[in-house]
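Coordinate inspection notes
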Amino acid sequence: KQWYQRRVAITAGVVYIYITRIALQFLEVILPFQYTWCKILLEEITTIVFFTVTGFKFRPYIQNPYYKLVDADENDLEMSHIPDETERDTLRNRAARLESSDEEV
């Protein structure tokens, strides 16, 4: 799957460069002066299509195998615990003791 995505990206990049750098220069040479706006129109359409296809092909999605998230277990959920007033007082006392011990040093 990853190789397929890289191949699509490289192919799209090569086609975009070919159209915007080579084909449009050729088109500019063969078009009469009153139709030179067609070159600019084709360049803008090519750019919109390239970025739309690139954005669509490489959009994030839920089942992406390259971005797996590790499931949280019960131990990780303890960090989301909100302490009550008694626990806050205990934490404040510990912090005060640590500050007083730092001042003595």
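Structure report, in brief. (Residues numbered from 1 in each chain as written. Predicted model: local features only at pLDDT ≥ 70, side-chain atom pairs only at ≥ 80, totals over all residues. Heavy atoms only, no water.)

A tally of regular secondary structure across the chain gives four helices and zero strands. When the helices and strands of the chain are read in sequence order from the N terminus, they spell out α-α-α-α. Looking at the chain residue by residue over its 105 residues, the buried ones come to 10%. As displayed, the chain offers around 9700 Å² of accessible surface, 63% of which is attributable to carbon and sulfur atoms. (Helix = DSSP H or I, 4+ residues; strand = E, 2+ residues; numbered from the N terminus. Buried < 20%, exposed > 50% of the residue type's maximum accessible area, 1.4 Å probe, protein only. Areas by Shrake-Rupley, 256 points an atom, 1.4 Å probe, with all protein chains shown as cover.)

Compared with the 42 Å implied by 1.5 Å per residue over 29 residues, the 41 Å span of helix α1 (residues 2–30) between its first and last C-alpha is a close match. Along α1, the helix axis deviates most sharply at Ile19, where the bend reaches about 35°. Listing the buried residues of α1 in full gives Gln5, Val8, Gly13, Tyr16, Thr20 and Leu24. In the core, the buried residues of α1 are packed alongside α2 (37–57). (Expected span 1.5 Å × (residues − 1). Bend = angle between axes of the 7 residues up to and from the residue. Contact = heavy atoms within 4.5 Å.)

This next bit is on the packing of α1 against α2. Where α1 meets α2, the axes come as close as 10 Å, and the angle between the chain directions of the two elements is 175°. Considered as vectors, α1 and α2 are oriented roughly antiparallel to each other. For the pair formed by α1 and α2, the contact residues are Tyr4, Gln5, Val8, Ala12, Gly13, Tyr16, Ile19, Thr20, Leu24, Gln25, Leu27 and Glu28 on the first element and Lys39, Leu42, Glu43, Thr46, Thr47, Phe50 and Lys57 on the second. By residue class, the composition of the contact of α1 with α2 is nine nonpolar, six polar and four charged. (Axes fitted to C-alpha atoms, helices over the stretch in contact; angles between N-to-C directions. Parallel < 35°, antiparallel > 145°, perpendicular 65-115°, else oblique. Nonpolar A, V, L, I, M, F, W, Y, C, P; charged D, E, K, R; others polar.)

Structurally, Thr46 can be placed in helix α2. Sequence-distant contacts of Thr46, defined by excluding residues within four places in its chain, comprise Tyr16, Ile19 and Thr20.

All right, on to the pattern of salt bridges then. Two side chains bearing opposite charge may form a pair once their charged atoms approach each other closely. Tallied over the full model, the rule gives two salt bridges. Glu85 is the partner of Arg92 in a salt bridge, and the nearest nitrogen-oxygen pair spans 3.7 Å. In this structure, the salt-bridge partner of Arg92 is Asp89, at a minimum N-O distance of 3.1 Å. Remark: Asp89 and Arg92 occur in helix α4 (residues 85–104); sequence separation between them is three residues, near one turn of the helix. Connected through shared salt-bridge partners, Glu85, Asp89 and Arg92 make up one network. (Salt bridge = Lys/Arg side-chain N within 4 Å of Asp/Glu carboxyl O.)

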